[in-house]
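Structural overview
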Amino acid sequence: MSKKTGNGIFIAFEGIEGCGKSTQAHLLNTTLNKNGIKSIISFEPGGTEIGKKLREVLINPEFKGKLHPVTETLLYQADRNQHLKEKIIPHLEKGYVVICDRYQFSSLAYQGYGRGVNTNIINWIFKNAVQGLMPDITFLIDIDVETSLERVKKRANAQNVELSRFEIEEYEFHQRVREGFLNLAKENNFVIIDGRSTIKEVHQMVLKEFKKRFRIV
Ligand code: TYD
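Not measured: the values here are computed from a predicted model. (Residues numbered from 1 in each chain as written. Predicted model: local features only at pLDDT ≥ 70, side-chain atom pairs only at ≥ 80, totals over all residues. Heavy atoms only, no water.)

Here we come to helix α2 (residues 49-59). Those residues of α2 that sit buried are Gly51, Leu54 and Leu58. Buried residues in α2, looked at end-on, bunch into an arc of 60°, giving them a common side. Exposed residues pointing more than 90 degrees away from the buried face of α2 are listed as Glu49, Lys53 and Glu56. Tucked inside the fold, the buried residues of α2 contact α3 (69-93). (Buried < 20%, exposed > 50% of the residue type's maximum accessible area, 1.4 Å probe, protein only. Helix = DSSP H or I, 4+ residues; strand = E, 2+ residues; numbered from the N terminus. Arc of directions from axis to C-beta. Contact = heavy atoms within 4.5 Å.)

Here it is, written out as structure tokens:
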């Protein structure tokens with residue numbers, strides 16, 4: 001499962017809506033590139049051409065209450081399979097640092113803890129069908145649900161976009177997902193960072209941990 005692919009390093013950022021993980025994934029990518037390190041940033045769902053189509057279904061608020069949790073689980077794994085084979089593995093083989101905005105732990109937190117799909121089944125599909133790789137390091141940017149929902153609404157207003165199928169879920173759903181991530185973090189040795197710190201502070205914490213583990217910046 002955690003076998004190495006080439007000389008690349010595989011990094012995942014996880015967290016609930018509005019935690020700032022995408023900003024941090026981009027900042028890390030920029031800093032690595034500035035230091036002459038080959039890195040790419042990608043995301044799930046939607047990091048490939050086919051994945052973009054799956055994403056349209058997955059986040060469409062029209063399907064709230066219609067997409068069965070197991071269908072949802074399978075679509076995320078389909079997106080992940082395509083993403084791994086088409087983008088993540090080839091870049092790791094070429095020695096890139098691959099930074100992924102969400103990965104398998106999002107499925108365990110959202111579909112497992114959030115929707116109640118058996119996490120053993122989610123892991124089984126990931127291991128046996130997708131033959132998924134585990135990241136070398138996972139950063140969990142943790143915020144409370146109140147902050148999350150506030151940020152998400154502000155962002156949607158500012159950008160004049162509608163809320164996604166997950167963003168319109170009730171408070172309790174987000175609470176289960178957050179607790180899920182915190183449990184997974186303990187079981188899987190994530191680096192947990194308080195997402196209420198400033199963008200700069202979080203970036204410094206990410207970099208410090210990255211340097212400690214990989215000694216290349
Ligand atoms: P994302 O684009 O990361 O949204 P945001 O930047 O607003 O957090 O992900 C879209 C949604 O997909 C997000 O609400 C979380 C959900 N998701 C899952 O439920 N399971 C998964 O395996 C993944 C990768 C994402």
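Let's pick the thread back up.
The next point concerns the sheet that holds strand β4 (residues 137-142). Read across the open sheet, the five strands follow the order β2-β3-β1-β4-β5; overall the sheet is parallel. The outermost strands of the open sheet, each flanked by one partner alone, are β2 (39-43) and β5 (191-194). On average, adjacent strands in this sheet sit at an angle of 20° to one another, irrespective of strand direction. Here four bridges tie β4 to β5, and the two strands are oriented parallel to one another. Paired with Phe139 across the strands is Val191, a residue of β5. Along the sheet, helix α7 (residues 171-188) makes contact with β1 (9-14), β4 and β5, crossing β4 at roughly 145°. (Pairing = 2+ DSSP bridges. Axes fitted to C-alpha atoms, helices over the stretch in contact; angles between N-to-C directions.)

Another aspect to go through is the site of the ligand. The ligand sits among 16 residues. The nearest are Glu17, Tyr76, Arg102, Ser107 and Gln111. Side-chain polar atom of Tyr76 to an oxygen atom of the ligand: 2.7 Å apart, as the coordinates give it. At 2.6 Å from an oxygen atom of the ligand is found a side-chain nitrogen or oxygen belonging to Ser107. Of all the secondary structure elements, the ones that give two or more residues to the shell around the ligand are α2, α3 and α4 (104-114). The element best represented in the shell around the ligand is α4, accounting for four residues. When the residues that make up the shell around the ligand are grouped by side-chain class, the tally is five nonpolar, three polar and eight charged. (Near = heavy atom within 4 Å. Polar contact = N/O pair within 3.5 Å; in protein donor to acceptor, adjacent residues only side chain to side chain. Nonpolar A, V, L, I, M, F, W, Y, C, P; charged D, E, K, R; others polar.)

The final tally for this structure, using the stated rule, is zero disulfides. Distance from the sulfur of Cys19, which forms no disulfide, to the nearest cysteine sulfur (Cys100) is 14 Å. Accessibility expressed as a relative area gives 0% for Cys100, which makes it buried. (Disulfide = S-S within 2.5 Å.)

This brings us to the packing of α3 against α4. It is at 11 Å that the axes of α3 and α4 come closest, and there the two elements cross at 175°. Here α4 runs roughly antiparallel to α3, going by the angle between their axes. Taking contact as the criterion, the partners of Glu72, Thr73, Tyr76, Gln77 and Arg80 in α3 are, on α4, Gln104, Ser107 and Gln111. Considered class by class, the residues forming the contact of α3 with α4 number one nonpolar, five polar and two charged. (Parallel < 35°, antiparallel > 145°, perpendicular 65-115°, else oblique.)

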